[in-house]
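Here is how the chains run, residue by residue.
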Amino acid sequence: MSATDTGGRVSRFGSAVAEGWTRERLGLLGAVALVLVAFAPPFQVYLFTDFLVVALFALGFNLLYGYTGLLSFGHGLFYAGGAYGIAIVLRDLGPVIADVVGAGISPLVTFVLGGVVGLALVVALAVPVGWLSVRLEEIYFALITLAFGMLGYSLIIQDPAGLTNGTDGVIVLLGTVDLGGFSLRIGGRRIYYAISAVTVVAAVYGVWRVVNSPFGTVCKAIRESPDRAAALGIDVSHHRWMTFIVSAAVVGIAGVLRAGLASVASPGLTHWSTSAIAVIATVIGGATYFYGPIVGAFIFLYIRWAISRFPALEAYWELFFGALLIAVVLFFKQGAVGGLLLLRDRLFGDGDADDAGSGGGGARDDGGQATAATDDGAESGDDNARADRGDNS
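Presented here is a report on the structure given in the accompanying data block. (Residues numbered from 1 in each chain as written. Predicted model: local features only at pLDDT ≥ 70, side-chain atom pairs only at ≥ 80, totals over all residues. Heavy atoms only, no water.)

Look at helix α3 (residues 42-68) against helix α11 (residues 236-262): their axes get within 9 Å of each other, and the N-to-C directions meet at 170 degrees. Looking at the two axes, α3 sits roughly antiparallel to α11. Contact with α3, carried on its side by Y46, T49, D50, V53, V54, L56, F57, G60, F61, L63, L64 and T68, involves R240, T243, F244, V246, S247, V250, V251, I253, A254, L257, R258 and L261 of α11 and no other residues of that element. Taken together, the residues of the contact of α3 with α11 break down into 16 nonpolar, five polar and three charged. (Axes fitted to C-alpha atoms, helices over the stretch in contact; angles between N-to-C directions. Helix = DSSP H or I, 4+ residues; strand = E, 2+ residues; numbered from the N terminus. Parallel < 35°, antiparallel > 145°, perpendicular 65-115°, else oblique. Contact = heavy atoms within 4.5 Å. Nonpolar A, V, L, I, M, F, W, Y, C, P; charged D, E, K, R; others polar.)

Printed below as a string of structure tokens:
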């Protein structure tokens, strides 16, 4: 790439930032916010890292739910798969890797290798589970994924072959990289935040590319009408299966990050209540918008943290979240993102409420316009035919 091309891209980016609340301006503000968080108090760094992990978890879940129309209550299985994959590698292969590459760099090598193994384990689980699950739809799909998730939970607490350590889980010790007198503790809050932020941003970009590709367009078509998609020659079951695997892989990455953040891989990660966190975050934020699960995860975690600041309210936090969900379902049917866009339209008069990375609203609007156009064309054709018959008579 020449210097002229780079300068042109920078100039176009600057112009887009100056035009208003464009995608470029929001992206720049997001990048600045990620940098500033690194200088926040340690607990706030930890809380924001937790938010990033939950946001990626919900985003991976929504790839299946919001873009393909399949509600899963078993994605905790893949969340736990990523966590246990890296935990077992760190526990069992850490000393072996240290002997091979040296003690100084081995914590980093083991961490990266564990992440790859965790992701591979998740994909290996998702292939058969997805193949069986996508043969069902609606509530039956939700129930079979719930069954697989609880089956994984039961298997983990049985401690097969001594791998999972039963109900106690597997402790995750990330270690310290030491090279030439330079020490870097991977598990340090700011260091781990930086690792998580880079990983999550890369994964979010990858999911964004997927949903804006022809593959993502087919997902939306299947969500709107599986029968019409099949009539166009799309193998609906196969495409749902592939989407299931990609969704599980994204959730598995979140699981890998969760293990390092919590310093343990526990059976609770695969419980249905953990899967419900992704569902709640997606509903709060808005399933039909790409950034809906991310916004929902932010609202979920930070309201939960705010409630915990008041001991008198902490015991009843489920009551507050229940009221929040009722309010969202009744008054913000497109979630918080849809509500914010509606507010923006009323304040600034922008008549385009479905342009913020929507994966669903815009598709439905286009379909409605197409139907209306077809009806108008049919009525016009009928009028012309009646006119012709009148002239002939």
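After that view of the structure, there is still more to cover.
At a minimum axis separation of 6 Å, helix α4 (residues 76-92) and α11 run at an interaxial angle of 50 degrees. Considering their axes alone, α4 and α11 lie oblique with respect to each other. Handedness of the crossing formed by α4 with α11: right-handed. On the side of α4, the interface is formed by F78, Y79, G82, A83 and I86, while α11 contributes F244, A248, V251, G252, A254, G255, V256, R258 and A259. Its residues placed into classes, the contact of α4 with α11 shows 10 nonpolar, three polar and one charged. (Left-handed = near helix turned anticlockwise from the far one by under 90°.)

Below, the discussion takes up the pairing of strand β2 (residues 176-179). In this structure, β2 lies alongside strand β3 (residues 182-185), joined through four bridges in antiparallel fashion. Counted as the bridge partner of L179 is F182 from β3. (Pairing = 2+ DSSP bridges.)

Under the 1.5 Å per step criterion, the end-to-end length of α4 is 24 Å for 17 residues, consistent within 8% with the ideal 24 Å. Most of α4 is tucked away, with 15 of its 17 residues classed as buried. (Expected span 1.5 Å × (residues − 1). Buried < 20%, exposed > 50% of the residue type's maximum accessible area, 1.4 Å probe, protein only.)

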